[in-house]
Each structure stands twice: as structure tokens, then as C-alpha cells.
Amino acid sequence: QSAPLSLAMFKRLFPGPLLPQWLETKLFPIFSNGSAQLAGLRLKGSLAKIGGLDRRENADALTIRLRIKDLEAFTDVSMRPVSEVSGEITVEDGQLLVSKVQGRFGSSKLDELSLTFEDLYQSGQRYNFSVRGDFDLEDLKAQAPLEIIPHPIREFVGHFTIAEGR
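Each value, and the rule that gives it
- Throughout this description, residue numbers start from 1 for each chain and increase along the sequence as written.
- Reporting in this predicted model follows two pLDDT cut-offs: at least 70 for local features of residues, and 80 or more for side-chain atom pairs to be given and counted; totals over whole chains, interfaces and linings ignore these cut-offs and use all residues.
- Excluding hydrogens and water, the side-chain figures rest on all heavy atoms present in the structure.
- DSSP calls a pair of strands paired once it identifies at least 2 bridges connecting them.
- Only runs of H or I of at least four residues qualify as helices and only runs of E of at least two qualify as strands under DSSP, and these elements are numbered from the N terminus.
- For every residue, the accessible area (1.4 Å probe, protein chains only) is compared with the maximum for its type, and the residue is labelled buried under 20%, exposed over 50%, or partly exposed between those bounds.
- Residues are said to line a cavity or pocket when one of their atoms sits within 4 Å of a point; the points come from a 1 Å grid over protein atoms alone, cavities being sets where a 1.4 Å probe fits but cannot get out and pockets being open sets with protein on both sides within 12 Å along at least five of seven lines.
- Grid points are joined across faces, edges and corners, and a volume is the space filled by probe spheres set on the points.
- Only Asp, Glu, Lys and Arg are considered charged, only Ala, Val, Leu, Ile, Met, Phe, Trp, Tyr, Cys and Pro nonpolar, and every remaining residue, Gly among them, polar.
- Polar contact criterion, stated in full: a pair of N or O atoms within 3.5 Å, where within protein one must be able to donate a hydrogen and the other to accept it, and residues adjacent in sequence count only if both atoms are side-chain atoms.
- Working rule for contacts: check all heavy atoms of both residues, and any pair within 4.5 Å makes them a contact.

*Asks:* Would you mind going over the pairing of strand 7 (residues 108–117) with me for this structure?
*Replies:* Taken together, the 7 bridges between strand 6 (residues 95–105) and strand 7 define a ladder with antiparallel strand orientation. Bridge pairing in strand 7 links Arg104 to Lys109. Hairpin connection, strand 6 to strand 7: the antiparallel pair is bridged by 2 residues, and Gly106 has positive phi, about 55°. The sheet contact formed by strand 7 and strand 8 (residues 127–134) spans 8 bridges and is antiparallel.

Following this line, the structure appears as C-alpha cells:
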């Protein structure tokens, strides 16, 4: 376990070359500010296996658990930025689990989001997504273009013409 690190410091220390590249190129740039804390790290296997964590057959050699706090997300895109983002991130057996995520955007409150990428090593990412909160319809419409939101939800929300209500 580590002391909380600034997100910038965490990004510099994260062993990106050992994991699929999209984590650093697509996921990390979404976030800014805040802090990350290493809650657990386990390496299991030979040096060759650990050195090959970027390959699916070696996925069971790494377990990493992180806590994130007060991050900001999507600050550099045209959608509403998400602030006060806190939650937990786990990489284990080739899966990425993002859980207990809370945050705010516009006048909406995200009470709990979970997102599970079933296989970090697969090019066409499949994931499970669940969310609970109090959302302003106008805020949801503004977020609709985000790629991380499942396509059916983006399409449904994108059809709103008058976005008032909760």
C-alpha cells in the first residue's frame, strides 16, 4: 500500500509498458488532477512471465488495486466535465474493474458507477456497465457523445429534443 500520490506522479510511475497500451493512450488521458493510492500489488510468476504482462497468457501474473480520489474527467472535450471522481480500480486476471465510482457533472450526481472490461487484451473492447445517480436530462444529453457510454444509451439519449427534467 502506498500513500496517496498526485495523479500526475501516479501516471509517471505506472508500469504502462507491462500492460496493454490502450490503458495509457485512451484511459489515462480522460483523467486529470486528484490523487491515486496503491491499495495492493501482487506479482506472481517468473521474470519472463512478469516481463510479458502485455500478453494475455501472462495476465494472471499481476493484480493491482488502486483507490482514486477527487479526480476530474473529460475536462478537455466538449462534454460536461465530471468532477469529484472517486472510486476503486482493479486489474486482475486480464480484467479491468472500475467500481464504487462517484462524481458530479453539471447539476447531476453520480452515486455509483461500475465498469468491467472483461478482457484487457482484446482489441474490440467488451464491457459491462452499470450506473446509479440523480441525472438532469440536459446533462445526460450533453454526455451522450462519450465513447465510454454504451451505444444503445448514447443513441437513446441523443434523440432527446427537449431535455428538461430528472
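What follows continues from the structure just given.
*Asks:* Honestly, unusual backbone geometry in this entry has me stumped. Any pointers?
*Replies:* Peptide bonds are, in most cases, trans, and in most cases residues other than glycine have a negative phi. Of note in the backbone geometry, Asp70 takes a positive phi value of approximately 60° without being a glycine. Inspection of the secondary structure puts Asp70 in strand 4 (residues 62–73). Judged by its relative accessible area of 45%, Asp70 is partly exposed. Look at Glu84: it is not a glycine, yet its phi comes out positive at around 55°. Mapping Glu84 onto the fold places it in strand 5 (residues 82–92). You can call Glu84 partly exposed: its relative accessible area is 46%.

*Asks:* Explain empty space enclosed by the protein here, please?
*Replies:* What the rule picks out here adds up to 1 cavity of 30 Å³ or more. Reported here for the largest cavity is a volume of approximately 170 Å³. For the lining of the largest cavity, the secondary structure elements donating two or more residues are helix 1 (7–13), helix 2 (22–27), strand 4 and strand 5. Here the residues of the lining of the largest cavity are counted per class, giving 13 nonpolar, no polar and 1 charged.

*Asks:* It is not clear to me how the side chain of Asp139 should be interpreted in this structure. Could you clarify?
*Replies:* Mapped onto the elements of the fold, Asp139 is located in helix 4 (residues 137–143). On the accessibility criterion, Asp139 (3% relative accessible area) is buried. Here the side chain of Asp139 touches Arg80 through a polar contact of 2.4 Å, side chain to side chain. Setting aside its immediate chain neighbours within four residues, Asp139 contacts Arg80, Phe105, Gly106, Ser107 and Ser108.

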